[in-house]
Each structure stands twice: as C-alpha cells, then as structure tokens.
There are 2 protein chains.
Amino acid sequence: MAHHCYLNNKIDSVENTNIHITDLGLLRGYGLFDYFRTYNGRPFQWDWYWERFDRSAKLMKLPNPISKEKAYSVVMALIEKSGLEDCGIRFVLTGGYSPDAMKMIEPNLLIISEDIHPVKESEYEAGMKVISHEYVRDYPEIKSTDYKHLMILQSDIREAGATDVLFHKDGKISELSRSNVFIVKNNVIATPDTQILRGITRRYILELAKANFKVEERSVALQEVLEADEVFTTSTTKKVLPITRIDNQLVGSENRSVSKFLLEEMNHHLKTW
Amino acid sequence: MAHHCYLNNKIDSVENTNIHITDLGLLRGYGLFDYFRTYNGRPFQWDWYWERFDRSAKLMKLPNPISKEKAYSVVMALIEKSGLEDCGIRFVLTGGYSPDAMKMIEPNLLIISEDIHPVKESEYEAGMKVISHEYVRDYPEIKSTDYKHLMILQSDIREAGATDVLFHKDGKISELSRSNVFIVKNNVIATPDTQILRGITRRYILELAKANFKVEERSVALQEVLEADEVFTTSTTKKVLPITRIDNQLVGSENRSVSKFLLEEMNHHLKTW
C-alpha cells in the first residue's frame, strides 16, 4: 500500500511519478491546485471542492481536462490504493509541457493521495501564533500555486516562534497563508469577504455559524482583530483553530466559547459524514 | 547533437530529464530562474547574469547550490553538447523535493540549453505592439518563475494583435512582462528605476546610452510613454526593439534614430564579443 498519483490518464506510485522539465507550472508558475481530505473514506464536501477547482481553472484560463465524474472515480481509486481509511487528495493543474517555455499546448493534471497531518489536540488548546505581514495575494480568489511570500517569510515565522502569517493591507486583514480568518466580538462573528480565497471550510463554518450567531461578511480591520474576544482560522486541515498571538500581542480572551462550539459541531457532524 | 540539462550534478538529454512531483517550484511556485545566450559560442555578460542569479536566490531565501566556476563549466559543457555555435541557457532554482508540500530540504538546480528564437529583422522595422495592464509584479526585483499574469493575459494580448503587455500602476509604468522599457523625448533617454527587474540588457544599454546621450533613471508616467519620440524595450532576446503601439494608440515617431543607434552599436559590439 502506498500513495499513488494520476497524471494525464495514468495512475502510478507517487514515488515513480515525474513531470518533464518543460512544464509551465515549474517554469512559469502557471499552475493551480486544490486539496481536500476524506472522513470515513469519503471526500468531505466534494461538490464544493470540485466547483472551486473548476472555477480556479476558468479564472486562470487553464482548460479543465477531466469531467467531475471521472475525477471522482480517480479519487476513489487513489483512496483505495492508499490502503488508508482517510487521506488527503491534491489536485494540481498546470499549463503543461511547452516547446518554448511560453506557448501552452495542453494542461497537465495531477491527482495525488497524501498522508493527512491533522492538528494535535494540544494545538487546539494552545492556539496558533502568527506574524503579520502587509501583502495581498496576487489573484487571491484563485487557488494558484503561488506561495512565494509564505516561503520567503518562513524564517521570519520560525524566528518569531509562530507557524503562519496573517496578511493585511491598508489596515484591513485578508487571510492567513492557507486559511481564512474569523473574529468574534460581543457574540457577533465577522470574516473578510474580499481579497481572499473562499475556503471550503470557511463556507461550511459560515453555514454553521449563521444558524447560531449573528454573522457579518465584511472588511475587517487589523485593529479589530487585535481587540476581538476570539480570533480563529478555518481550513481543511485546521478545521476551527484559535489564533492566540499576532506578532508580540496576545489576542482573544481565555473564553473561546464560539470557536469551541463551532469545532465541536463540526467534529460531531464529521463522525457521521 | 541535442539539448542537455544539468540537474543536481548529473547531465542528461533534455528529453530524458524529469523532476519529481513533490518539487516546491511546481507545487508552491517557489522557484526562480535566469536566462542568457551566447554570441560566438561565449556567454554574453556572464558575470552580470551570475551576479543577478545569485542575488535572486538570496532574496528568495533559496541556497545557491553551485559555485560560479562550476556553473560556468556546466554551461560550457552544455554548449558543446548542443553542437550549436550559439544557444540559450536557462538556470532554474527551486525549493526542491518536499516531504509535505511545504518543508524545504534542499534546492533543485536545473541548467538547460535551448534553441535561440531571435527577433526577425522585419520586427525591428515594424516594432512591437503591446497592451497595457495595471499591475506590479510581486517581488519585481527577483527573477522568480511567477508569470501568472502574463499567462492569464495571453488571450487578451492575442486578440489585440499584440505580443506583450506593459505593466503600469498609479499612472507609472514599470516594465513589459519579460523586458525593460525606455523612452526618448527631445534626445533625453529615460527608464524606470523602481518596481522592475533590473535587466542585464537594460544595464548594458544604459552604459552605452550614457556614453552618448543624457540618460535619466527615474519614475516614468504612462502619459510620457504615450507622448514620447521613441519607445523601446530591451531584453536578452530582443536586444533593442521599438514599441510602436500601446493598446490602440500609435507611439513614437517614424524617426527612431536613438534606438537604431543603440541597436547598431550593440550589434557591432556583439560581432567581436
């Protein structure tokens, strides 16, 4: 049993899967991806992930070479081959092999199964520490492969004893490098609605939150985050994870009843997903 | 005789060179490159290109895994293997193979020989047509592999009968997608000095220009470009190429004495390089 990879109609072990050096994803950063995981052996929110992947491809002007049905059958084959009950699945779509490092002929589609690296229980208790950095992702609404900023900031993040970066610009926050941000103030939940990638877990948590709290999708000032009762982030791997420090400042109170409630509801739902 | 590629201490044919799908250049856009060509079998301005490649690597926090001397010997071996008198050479440096699509272990360095695609004589006569687009490259001073904007704009460029895009922001121009921009007004040459990649041909032409004209490195307004006597671009493959249309507007006059002079001087110099 091992992880496998689909590349343009062929499935092989991840170990044996290579791409040619003329790929435009490698040479020109012309690539996008998506990532989801399974619970109880079944892709979580598959319809939503597929919709986003397909939309990213359109926005990036990359033809999507696979149908939803075919993609689903590949995903299920990879899960079976992994021998794991649950795993992560990464889609990567690039501009494909180019004769002159510029001209696009046809895209390359990779679908890869991966180990899941879940957040530890103790991290949910301790919360996340992040640094802040002035920047808006280029084409934030596309899940492109562009993580230059995060990679360049890695040593700053480590030196600060943090694990991620909160992007802000002109006094407004947007997102962490790979997840969305929510704040709670006086039992009202708010989350940015522009200059972000619309996370699937964000969408899921918004539905859950709206059924139980007042929720505002609007621009959120960095200052509001620093003064919030609770700050938390949502992502496929993090689910609902508190943020407890930004740079050198502690944020949020000890009472994290809203994020705890949302995480518990999500975990409860996932048991029978 | 065929083009070859150096990858981490091994040279093979380009055809047979692949990278593993866990490369961070592919998965996270964590990569940079450089490109130069030879004249008379000898790399043009090798010292300057090496200096820029090494600087890009430092700014991108990627360790440069090769010494200048070793890199030069690889370049000369690739040229010899190509069987061509002159060819293009591409360096690509990525974050390397990652166990979790994030953590960096050691970089991958590719050095590839390629065919040259020189600009045709008729194109120097007709000049280039470009579209304008409001955007500043992310980390413009790094020669990163990030060409998302150009790739997404390709269809707009084609539909406009153009071949490239002029980036501008807040009324100031920066550069074309892969080359620098100069204007001439009343025999004074000006070129942007911030938010650009400092091209090697830009540097070379600046030296040549300063010996013969008044030259200003400063911010340049888009409006100035539209009203200039001459507009031209410089790059490794284009040398000194007039720009004659921006969107639907003709730019520059019929008299292109400055750009013609610079191109002729460069061509003259290249004969005995």
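Residues numbered from 1 in each chain as written. Chains lettered and ligands numbered in written order. Predicted model: local features only at pLDDT ≥ 70, side-chain atom pairs only at ≥ 80, totals over all residues. Heavy atoms only, no water.

## Points about the overall build of chain A
Here is step 1: What chain A contains, in helices and strands, is eight helices and 16 strands.
Here is step 2: Projected onto its principal axes, the C-alpha coordinates of chain A cover approximately 55 × 40 × 30 Å.
Here is step 3: Going through the 273 residues of chain A one by one, you find that 59% of them count as buried.
Here is step 4: Relative to all contacts within chain A whose residues are 6 or more apart in sequence, the contacts with residues 24 or more apart total 70%.
Here is step 5: Side-chain charges of chain A comprise 35 positive and 39 negative groups, with the mean position of each set lying 2 Å from the other. (Helix = DSSP H or I, 4+ residues; strand = E, 2+ residues; numbered from the N terminus. Buried < 20%, exposed > 50% of the residue type's maximum accessible area, 1.4 Å probe, protein only. Contact = heavy atoms within 4.5 Å. Lys, Arg positive; Asp, Glu negative; His and termini not counted. Charge placed at Lys NZ, Arg CZ, Asp CG, Glu CD.)

## Quick look at the packing of helix 6 (residues 200–210) of chain B against helix 8 (residues 257–271) of chain B
Residue and element names in this part refer to chain B.
Here is step 1: Where helix 6 meets helix 8, the closest approach of the two axes is 11 Å, and the angle between their N-to-C directions is 105 degrees. The pairing of helix 6 with helix 8 is recorded here as roughly perpendicular in orientation. For the pair formed by helix 6 and helix 8, the contact residues are T201, Y204, I205, L208 and A209 on the first element and L262, E265, M266 and H269 on the second.
Here is step 2: Its residues placed into classes, the contact of helix 6 with helix 8 shows six nonpolar, two polar and one charged. (Axes fitted to C-alpha atoms, helices over the stretch in contact; angles between N-to-C directions. Parallel < 35°, antiparallel > 145°, perpendicular 65-115°, else oblique. Nonpolar A, V, L, I, M, F, W, Y, C, P; charged D, E, K, R; others polar.)

## Quick look at the relation of the copies chain A and chain B
Here is step 1: The operation relating chain A to chain B is a screw motion whose rotation component is 180 degrees, with 0.0 Å of axial translation and a residual RMSD of 0.0 Å. In short, the pair behaves as if placed about a two-fold rotation axis. Using C-alpha coordinates, one finds that chain A approaches the rotation axis most closely at L26 of chain A, a distance of 2.3 Å.
Here is step 2: When you check the interface residues of chain A against chain B, 100% turn up at the interface there too, and the contact is symmetric in its surfaces. (Least-squares fit on C-alpha atoms with pLDDT ≥ 70 in both.)

## Topic: the domain arrangement of chain A
Note on interface size: it is often stated as the accessible area lost on association of the parts.
Residue and element names in this part refer to chain A.
Here is step 1: Taken as a whole, chain A is organised into domain 1 (4–114) and domain 2 (121–271).
Here is step 2: Put simply, the middle of domain 1 and the middle of domain 2, counted by C-alpha atoms, are 26 Å apart.
Here is step 3: Carbon and sulfur atoms supply 65% of the area buried between domain 1 and domain 2, which totals about 1800 Å² over both sides.
Here is step 4: Of all residues in domain 1, F33, W48 and R52 bury the most surface against domain 2, accounting for 35% of the area lost on that side. (Domains from an automatic or database assignment. Buried area = accessible area lost by both parts, 1.4 Å probe.)

## Focus: the packing of helix 2 (residues 46–59) of chain B against helix 3 (residues 68–82) of chain B
All names here are of chain B.
Here is step 1: Axis separation between helix 2 and helix 3 bottoms out at 12 Å; the angle between their running directions is 120 degrees. Comparing their axes, helix 3 and helix 2 come out oblique. Where helix 2 crosses over helix 3, the handedness of that crossing is right-handed. Only K68, A71, Y72 and V75 of helix 3 make contact with helix 2, whose side of the interface consists of W46, D47 and W50.
Here is step 2: Tallied by class, residues from the contact of helix 2 with helix 3 come to five nonpolar, no polar and two charged. (Left-handed = near helix turned anticlockwise from the far one by under 90°.)

## Points about the interface of chain A and chain B
Here is step 1: Between chain A and chain B, the contact holds 46 residues from the first and 46 residues from the second.
Here is step 2: Both faces considered, chain A and chain B share a buried interface measuring about 4100 Å² in area, 64% of it formed by carbon and sulfur atoms.
Here is step 3: Where chain A meets chain B, there are six salt bridges.
Here is step 4: A salt bridge links D138 of chain A to K148 of chain B; its shortest N-O distance comes to 3.6 Å.
Here is step 5: For the pair chain A and chain B, the interface holds 23 residue pairs in polar contact (both at pLDDT 80 or more). (Salt bridge = Lys/Arg side-chain N within 4 Å of Asp/Glu carboxyl O. Polar contact = N/O pair within 3.5 Å; in protein donor to acceptor, adjacent residues only side chain to side chain.)

## Description of helix 8 of chain B
Because each turn of an α-helix spans 3.6 residues, side chains separated by three or four positions in sequence point in the same direction.
Residue and element names in this part refer to chain B.
Here is step 1: In this model, helix 8 (15 residues) spans 21 Å end to end at C-alpha, consistent with the 21 Å of a helix rising 1.5 Å per residue.
Here is step 2: Taken as a whole, helix 8 has its buried residues at V258, S259, L262, L263, M266 and L270. Within helix 8, the buried residues cover an arc of 130 degrees as seen down the axis, which keeps them to one side. Exposed residues pointing more than 90 degrees away from the buried face of helix 8 are listed as E264, H268 and K271. (Expected span 1.5 Å × (residues − 1). Arc of directions from axis to C-beta.)

## Comments concerning the side chain of S56 of chain B
Here is step 1: Mapping S56 of chain B onto the fold places it in helix 2.
Here is step 2: Engagement of the side chain of S56 of chain B in a polar contact is seen with the backbone nitrogen of K143 of chain B, the distance being 3.2 Å.

## Notes on the pattern of salt bridges
All names here are of chain B.
Here is step 1: Within this structure, the stated rule accounts for 33 salt bridges over all chains.
Here is step 2: Residues R90 and E114 are paired through a salt bridge, measuring 2.7 Å at the closest nitrogen-oxygen approach. Of this pair, R90 sits in strand 6 (residues 88–94) while E114 sits in strand 7 (residues 108–114), and the two are 24 residues apart along the sequence.
Here is step 3: Residue R90 is classed as buried on the basis of its relative accessible area of 4%.
Here is step 4: Assessed through its relative accessible area of 17%, E114 is described here as buried.

## Regarding the environment of S174 of chain B
Residues and elements named next belong to chain B.
Here is step 1: Secondary-structure assignment places S174 in strand 10 (residues 172–176).
Here is step 2: For S174, a relative accessible area of 4% translates into the label buried.
Here is step 3: Each C-alpha atom, one on S174 and one on H133, is 11 Å from the other, the two residues being 41 residues apart in sequence.
Here is step 4: Setting aside anything within four residues of it in sequence, one finds S174 in contact with Y135, F167, H168, P192, Q195 and I196.

## Looking at the state of the cysteines
All names here are of chain A.
Here is step 1: Under the defined criterion, the tally for this structure stands at zero disulfides over all chains.
Here is step 2: Considering cysteine sulfurs only, C87 is the nearest to C5, which forms no disulfide, with 13 Å between them.
Here is step 3: C5 gets classed as buried once you look at its relative accessible area, which sits at 0%. (Disulfide = S-S within 2.5 Å.)

## Re the packing of aromatic side chains
Here is step 1: Scanning the model with the defined rule gives 30 aromatic pairs over all chains in all.
Here is step 2: Pairing F53 of chain A with F91 of chain A gives two aromatic rings, centres 5.0 Å apart and planes at 65 degrees, and the pair type is edge-to-face. Of the two residues, F53 of chain A sits in helix 2 (residues 46–59) while F91 of chain A sits in strand 6 (residues 88–94), which places them 38 residues apart along the sequence.
Here is step 3: Aromatic pair Y135 of chain A and F167 of chain A: ring centres 5.0 Å apart, planes at 75 degrees, arrangement edge-to-face. Residue Y135 of chain A is found in the loop between strand 8 (128–134) and helix 5 (148–159), and its partner F167 of chain A is found in strand 9 (residues 164–169); the two are separated by 32 residues along the sequence.
Here is step 4: On the accessibility criterion, Y135 of chain A (9% relative accessible area) is buried.
Here is step 5: Through a chain of ring-to-ring contacts, the aromatic side chains of F36, W46, Y49, W50, F53, Y72 and F91 of chain A assemble into a single cluster.
Here is step 6: Taking the ring centre of W273 of chain B as reference, the NZ or CZ of R42 of chain B above it sits at 4.7 Å. (Phe/Tyr/Trp six-rings, centres within 6.5 Å; stacked < 30°, edge-to-face > 60°. Lys NZ or Arg CZ within 6 Å of the ring centre and 35° of its normal.)

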